[in-house]
Amino acid sequence: MSLKTEVGQWDRKSKDFISEVFYRHSDQPGFLTDLAGMLDEAHLQSGATWLLKHHFDQGGEPFDTQLVTAIYRNTSALVHWDAKLHVLQCVAQMPIPISEKPAVEAFVRHCLTDDAKFVRAWAYSGFCELARRFPEFRSEATHVLNEALSSETAASVLSRVRRELQRGY
């Protein structure tokens, strides 16, 4: 069965199923590139992003610039909260090419207002990562985190905000 077919069959719940997809396909040439190519299809993006994140979770090699560019250029197409979360959780492990700075900035800013609390939590980390790499965002990152302390109510969001403040913001 093809990678695309299997990713499309995932119910967005069974970790065992999607993990098996990873182990069946991860050693095939073009695996990561094929996953990045699925991000613009709503029914595939949750599985594809889970697999991209799992690559890092398993100690996988860093993504090359071409792959990172493909991922960041598709962030505006992400519609599912879990797909957004997976990409946000990968930002710290992926470079942000200068050419993709606007896409990453737009994605992170959009996620800061997401209804899903975990997406918002990781968006704060994503904004701080952007600021670590591009100093023009540093003072705003501090301001955004401090504002979140008074406006956010979800414990998971506040925990991540405090963690970023402890890391120097």
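Residues numbered from 1 in each chain as written. Predicted model: local features only at pLDDT ≥ 70, side-chain atom pairs only at ≥ 80, totals over all residues. Heavy atoms only, no water.

Draft legend 1. Fine view of the packing of aromatic side chains. Applying the stated criterion across every chain, the model contains five aromatic pairs. Taking 6.3 Å as the distance between ring centres and 55 degrees as the angle between the ring planes, the aromatic pair formed by Trp 10 and Trp 50 counts as tilted. You can see Trp 10 sitting in the loop between helix H1 (3–9) and helix H2 (15–25) and its partner Trp 50 sitting in helix H4 (residues 42–57), a full 40 residues away along the chain. You'll find Trp 10 and Trp 50 in the same group, each marked buried. With centroids separated by 6.1 Å and ring planes inclined at 75 degrees, the aromatic side chains of Phe 127 and Phe 137 adopt a geometry described as edge-to-face. Here Phe 127 is found in helix H8 (residues 117–133), whereas its partner Phe 137 is found in the loop between H8 and helix H9 (138–151), with 10 residues between them in sequence. What links up through ring pairs into an aromatic cluster is the set Phe 22, Tyr 23 and Phe 31. (Phe/Tyr/Trp six-rings, centres within 6.5 Å; stacked < 30°, edge-to-face > 60°. Helix = DSSP H or I, 4+ residues; strand = E, 2+ residues; numbered from the N terminus. Buried < 20%, exposed > 50% of the residue type's maximum accessible area, 1.4 Å probe, protein only.)

Draft legend 2. Fine view of the packing of helix H6 (residues 81–90) against H8. As a packed pair, H6 and H8 sit with axes 9 Å apart at the nearest point and diverge in direction by 20 degrees. In terms of orientation, H6 lies roughly parallel with respect to H8. Both H6 and H8 take part in a crossing whose hand is left-handed. Judged by residue contacts, Trp 81, Lys 84, Leu 85, Leu 88 and Gln 89 of H6 engage Phe 118, Val 119, Trp 122 and Ala 123 from H8. Grouping the amino acids of the contact of H6 with H8 by side-chain chemistry returns seven nonpolar, one polar and one charged. (Axes fitted to C-alpha atoms, helices over the stretch in contact; angles between N-to-C directions. Parallel < 35°, antiparallel > 145°, perpendicular 65-115°, else oblique. Left-handed = near helix turned anticlockwise from the far one by under 90°. Contact = heavy atoms within 4.5 Å. Nonpolar A, V, L, I, M, F, W, Y, C, P; charged D, E, K, R; others polar.)

Draft legend 3. Layout of the side chain of His 54. Inspection of the secondary structure puts His 54 in helix H4. The exposure class assigned to His 54 is buried, which follows from its relative accessible area of 7%.

Draft legend 4. Here's a closer look at H9. Here H9 spans 20 Å end to end across 14 residues, near enough to the 20 Å set by a 1.5 Å rise per residue. For H9, the elements touching its buried residues are H8 and helix H10 (155–166). (Expected span 1.5 Å × (residues − 1).)

Draft legend 5. Seen up close, helix H5 (residues 65–73). If you check which residues of H5 are buried, you get Leu 67, Val 68, Thr 69, Ile 71 and Tyr 72. On its buried face, H5 is in contact with helix H3 (31–36), H4, H6 and helix H7 (101–111). Looking at where H5 begins, the residue whose side-chain oxygen comes 3.2 Å from the main-chain nitrogen of Gln 66 is Asp 64. (Polar contact = N/O pair within 3.5 Å; in protein donor to acceptor, adjacent residues only side chain to side chain.)

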